[in-house]
Protein chains: 2
Amino acid sequence: MDRTGIQQDSAQVEAVKDLAEVLGQKGIFTQESDRERYASDQSGLSGAMPLAVLRPASTEEVSRVLAICSRHRIGVVPQGGRTGLSGGACSPQGTVVLSTERMSGIIEIDHEAMTLTAWAGTPLEAVQEAARAAGLDYPVDIGARGTATIGGTIATNAGGIRVLQHGMTRPNVLGLEAVLADGSVVSRLGKTVKDNSGFDLKQLFIGSEGTLGVVTRAVLQLRRQVRHSALALFALPDHAAALACLAAGRQRFGSRIRAFEGMWPDYWDFVCHETSLATAPITGRHGFYLLVEVEAGASQPEEELEAFFAELFEQDLVEDGVLAKSLTEAQALWSVREAVGEVDEDFGPHINFDIGVSPSALGHFCDAADAVLATLPEAAGALKVGHLGDGNVHLLVAHDGSAAAEERIEAAIYGLLRNWQGTVTAEHGVGRIKARWLGHSRTPEELALMRGLKGQMDPLGILNPSALFLESED
Amino acid sequence: MDRTGIQQDSAQVEAVKDLAEVLGQKGIFTQESDRERYASDQSGLSGAMPLAVLRPASTEEVSRVLAICSRHRIGVVPQGGRTGLSGGACSPQGTVVLSTERMSGIIEIDHEAMTLTAWAGTPLEAVQEAARAAGLDYPVDIGARGTATIGGTIATNAGGIRVLQHGMTRPNVLGLEAVLADGSVVSRLGKTVKDNSGFDLKQLFIGSEGTLGVVTRAVLQLRRQVRHSALALFALPDHAAALACLAAGRQRFGSRIRAFEGMWPDYWDFVCHETSLATAPITGRHGFYLLVEVEAGASQPEEELEAFFAELFEQDLVEDGVLAKSLTEAQALWSVREAVGEVDEDFGPHINFDIGVSPSALGHFCDAADAVLATLPEAAGALKVGHLGDGNVHLLVAHDGSAAAEERIEAAIYGLLRNWQGTVTAEHGVGRIKARWLGHSRTPEELALMRGLKGQMDPLGILNPSALFLESED
């Protein structure tokens, strides 16, 4: 994608004029300095300069704006907080950006129904804080919480570290309002937990990365607040032991397991020993590391975690462990896991794979991936960290920064994945970076159905063009 | 719908001949005595005699059968156990039935991934039993478990009494295989818990009542088995107290609440006093009754429920209570709630509404419904029983059995519901009985999108014609 401000054709000029009329001065950015800030997200991909940045302030304005873009056949890139890692919010040549930043705010909290209704542009953290202030909790949590918006987390079906207990974003959305490409508003903002009255249309907008509609408002399912939980770090002989720990943990704690995060030795050694990104809370070399968080049942969760450790130790499933005795200690344990967000400078150019396979196959897949990478001179090191209970590993593979190396490594890893009935993206989404690899985890029949649905709902292809679908690439 | 065996036209005769060729002798019923058994479900609606009953034994046979039906433009009614309550499996004139009864059996259980893969025709109870034999649990549970099939529960997004803890069928399906109207097989039978690689196509088939595709196989998410739980029945002053109990219960037990079922006095008095359907476990008159089941945390759940009762009693939220001390006593408590399945004979002709509203609005909606019914001479009594935490009430309204009375009562109740942002069916589905009322809970824009999707995926309208969509009624 070309970043230079190319000459706009007359149809584009006309479209921007019509859009400005609807949105008013505050509602549209047309200066190059403003537009540049909205061209890209956190994926590393550079978008082209958008023709304009649309900043509608209501569902009605979104509707009018999309109708105009349809009429002029101008592509529209919906944007929340631009924290995505797959280029889904990077603007291709000749498109406008539609930012939800002026549609922000909590509309209602219903204590009895345990719901929160918010505008799409509301930051995730603002929703979490409002829920907590009401004595409740919104369980979807990701590192980018301060900037990521509710609309963005819905459009990308955001995952994160709490998926084990409450799922990804999808099951936490009760009601949704979205605007279709032609400007029609599909609104269902009730609080019914159960609803079998025809197709569950919100499922189409959740996780489709803005290619089927623009999310404007949502009713979120809040959960009871967890007031007390305990956190421990376990060192284990290998990944197989971690799977056995997970099974034992499920028996003991059931749905009280809040996090079950896995770190492979390559990742552990890099952040704790090869760099100063984190301090090792456990000494010695081990084959696998687990961060386990459990919410309080009837008794003290710290005691429960200690008893759990004793049980696992007895069975030779764990070798060492440390229990957080204070909030500070808990933060220190989490910081090892969260250091993955800060490896860029030390690790250098790399591909951040977001692989999902069956939880039972994750260890074997990672072994196979290591074996494949060992044969590739382009692969200059790998780090593995992931959500163990979800079968999701973030595999970071360093290379020399060349497109050729990237291509070879991607082809090797995604080629391997093809045989594992897994997914090329468990939580980051396809965006523009992984569109070409989609065929490695979806069948031709699935891709044909996806294209059919896209064609039905957005026949002119104006919604987030070149995201998800390769063929509409400019 | 006409039940008489009308003369088949020559195209239909030709189609049945082609189908018989693919399916072989065991795979098709063409005798009238056989066909008659497949015409209707448990809704009370009578289907027309199907042209033939197709009994494919594999995904490939389903694919070939649908391709033939597409070519001959013959409507196909997919059938599982025919236990539906909305007429979704009743065959309209001139259609064939596609029964999944020969595609039955558990394909695989994966202990580490906690998944079970099964053919669509497998009875729900067989899945539950296989999961339990493996030390795990499949949490979707409905009264018709012995006959209802996994495919049917997926196509109708079955709910039931365990929704509070693990949701309806939708979140318990990990992978799905379905055949489209043209015979293409859309298969995704992996065990990835998280998957953001493009549209989540399985969501289209879950709950769309066989109008978008025929489910053939599924990967189900199993849960850890609950080995110990406690059950109590509480008598309360009113519905508002029940909501306060639910909030207090969530604080105390979190996700360990397994059931939170509500019974209004009209229902309680009818099954316990006016008939011999159940024996009242609590004496005296009360304003509301709650059945609360809690799974064991670290301590004894019986003691926890007793402490919970004491807390609520202190706040005047409950008036009386009884704790099940044995399995027999627990069954006796459940039998009051489950008597709703046996009221037909004593209660006479009635409409079984399956209303869903916001959980916070359920009490007020029921009061409003009572007030509306009191003004209708056609309404000869009402019983209310429901899933309190889900905002779902089964409102049974007796009448003289005439179509006119039915029409008046339905118009009044659904007319009321329109203002509550609720749903005309929370869990039973639309089928053929509620299709005409769909506009009372879905907007014109939603209905237009639903029709667009149906047109895209089944352009000839051969899949379950006249279910969900009024306009394809014969």
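This is a predicted model, so every value here is computed, not measured.

Calculation notes
Each chain has its residues counted from 1, running along the sequence as written. Following the order in which they are written, the chains are lettered starting with A and the ligands numbered starting with 1. This being a predicted model, a pLDDT of at least 70 is required before a residue's local features are given, and a value of 80 or more before pairs of side-chain atoms are given or counted; all residues contribute to the totals for chains, interfaces and linings. To obtain the side-chain values, all non-hydrogen atoms of the structure were included, while hydrogens and water were left out. Alignment of the copies relies on least squares applied to C-alpha atoms, considering only residues that score at least 70 for pLDDT in both. Whether two residues are in contact is decided by their heavy atoms, any of which lying within 4.5 Å being enough. DSSP bridges decide pairing: two strands pair if at least two such bridges lie between them. Helix and strand definitions here come from DSSP, where helices need a minimum of 4 consecutive H or I residues and strands a minimum of 2 consecutive E residues; each element is numbered from the N-terminal end. Comment: axis = line fitted to C-alpha atoms, over the contacting stretch for helices; angle = value between 0 and 180 degrees taken between N-to-C directions. The predictor's confidence in any single residue is recorded as pLDDT, a number from 0 to 100. Once two parts are put together, the accessible area they lose, assessed with a 1.4 Å probe and summed over both, is termed the buried area. Whenever a carboxyl oxygen of Asp or Glu lies within 4 Å of a side-chain nitrogen of Lys or Arg, that contact is scored as a salt bridge. For the purposes of these results, a polar contact is taken to be a pair of N or O atoms within 3.5 Å, where, inside protein, one atom must be able to donate a hydrogen and its partner to accept one; residues adjacent in sequence count only when each atom of the pair is a side-chain atom. The criterion for an aromatic pair is that two Phe, Tyr or Trp rings (for Trp, the six-membered ring) have centres within 6.5 Å, with stacked assigned to planes under 30 degrees apart, edge-to-face to planes over 60 apart and tilted to the rest. Note on exposure labels: buried denotes an accessible area under 20% of the residue type's maximum, exposed denotes more than 50%, and partly exposed covers the range between, all computed with a 1.4 Å probe on protein chains only. Note on criteria: charge over ring means Lys NZ or Arg CZ within 6 Å of the ring centre, with the direction from the centre no more than 35 degrees off the ring normal. Under the convention used throughout, the expected extent of a helix is 1.5 Å for every residue step, that is, one less than its residue count.

Asks: Tell me what's going on with the relation of the copies chain B and chain A, and back it up with residues and numbers.
Replies: Between chain B and chain A, which share one sequence, the superposing operator has a rotation angle of 180° and an axial displacement of 0.0 Å; the RMSD is 0.0 Å. Interpreted geometrically, this transformation is the action of a two-fold axis. Most of the interface of chain B is mirrored in chain A, where 100% of its interface residues are also at the interface.

Asks: Describe in detail the sheet that holds strand E2 (residues 53-54) of chain B, supporting the description with residues and values.
Replies: Residues and elements named next belong to chain B. Within the open sheet, the four strands sit side by side as E1-E2-E4-E3. Their pairing is mixed. Taken across any chain shown, the strands that pair with only one partner, and hence form the sheet edges, are strand E1 (28-29) and strand E3 (75-79). In the packing of helix H3 (residues 59-72) onto the sheet, the strands contacted are E2, E3 and strand E4 (95-99), and the crossing angle to E4 comes to about 170°.

Asks: Tell me about the sheet that holds strand E5 (residues 106-110) of chain A, residues and numbers included.
Replies: Residue and element names in this part refer to chain A. On the basis of which strands lie adjacent, the open sheet formed by five strands has the order E5-E6-E10-E8-E9 and antiparallel pairing. In this open sheet, the two strands that pair with only one neighbour each are E5 and strand E9 (185-188). Each neighbouring strand pair of the sheet contributes to a mean axis angle of 10°, computed without reference to strand direction. Bridging between strand E8 (residues 173-179) and strand E10 (residues 214-221) involves six bridges; their strand directions are antiparallel. Within E10, the position partnered with Leu-176 by the bridge is Ala-218.

Asks: Hey, could you go over the confidence of the model for chain A for me, with residue numbers and the actual values?
Replies: Caution is warranted with low-pLDDT regions, since their predicted coordinates should not be read in detail. Residue-level pLDDT values for chain A average 94, and 97% of them are 70 or greater. Contacts of residues 1-5 of chain A to residues separated by more than four positions or lying in other chains number 18 contacts, the stretch itself having pLDDT below 50.

Asks: Can you break down the interface of chain B and chain A residue by residue, with the values?
Replies: With 81 residues of chain B in contact, the opposing surface of chain A contributes 81 residues. Approximately 6,400 Å² of surface area, both sides summed, lies buried where chain B meets chain A, with 59% of it carried by carbon and sulfur atoms. Among the residues chain B hides against chain A, the three largest losses belong to B:Lys194, B:Asn196 and B:Phe199. Together they make up 16% of the total. As a salt-bridge pair, A:Glu446 and B:Arg188 come within 3.5 Å of each other at their nearest N and O atoms. Inspection of the chain B/chain A interface yields 35 residue pairs in polar contact (both at pLDDT 80 or more).

Asks: Would you mind going over the packing of aromatic side chains in detail, with residue names and values included?
Replies: Under the definition given, this model contains 24 aromatic pairs over all chains. Measuring from ring centre to ring centre gives 4.8 Å for B:Trp264 and B:Phe288, while their planes differ by 80°; the resulting arrangement is edge-to-face. Taken as a pair, B:Trp264 in the loop between strand E13 (257-263) and helix H9 (265-274) and B:Phe288 in strand E14 (residues 288-295) lie far apart in primary sequence, 24 residues in all. We note that B:Trp264, like B:Phe288, is buried. Considering the side-chain rings of B:Tyr414 and B:Trp437, the 5.2 Å spacing of their centres and the 35° angle between planes classify their relative orientation as tilted. Linking B:Tyr414 in helix H14 (residues 403-417) with B:Trp437 in the loop between H14 and helix H15 (444-457), this pair joins segments that are 23 residues apart in sequence. Counting every residue linked through ring pairs, the aromatic cluster contains A:Phe234, A:Phe253, A:Phe308, A:Phe309 and A:Phe313. The ring of A:Tyr38 is capped by A:Arg82, whose NZ or CZ atom sits 4.4 Å from the centre of that ring. The ring of B:Trp119 is capped by B:Arg217, whose NZ or CZ atom sits 5.0 Å from the centre of that ring.

Asks: Describe H15(B), and please don't skip the residues or the numbers.
Replies: With 14 residues, H15(B) should cover 20 Å at 1.5 Å per step; its first-to-last C-alpha distance of 20 Å lies within 8% of that length. Those residues of H15(B) not exposed but buried are B:Glu446, B:Leu447, B:Leu449, B:Met450, B:Gly452, B:Leu453, B:Lys454 and B:Met457. Those residues of H15(B) that are buried lie in contact with E9, helix H7 (202-205) and helix H15 (444-457) of chain A together with helix H7 (202-205) of chain B.

Asks: So what's going on with helix H8 (residues 239-253) of chain A? Residues and values would help.
Replies: Residues and elements named next belong to chain A. In this model H8 runs 20 Å from its N-terminal to its C-terminal C-alpha over 15 residues, within 8% of the 21 Å that 1.5 Å per residue would give. Taken together, the buried positions of H8 are His-239, Ala-241, Ala-242, Leu-243, Cys-245, Leu-246, Ala-248, Gly-249, Arg-250 and Phe-253. A side-chain oxygen of the first residue of H8 lies 3.3 Å from the backbone nitrogen of Ala-240; this N-cap is Asp-238. One or two residues past the end of H8 sits Gly-254, with phi positive at roughly 55°.

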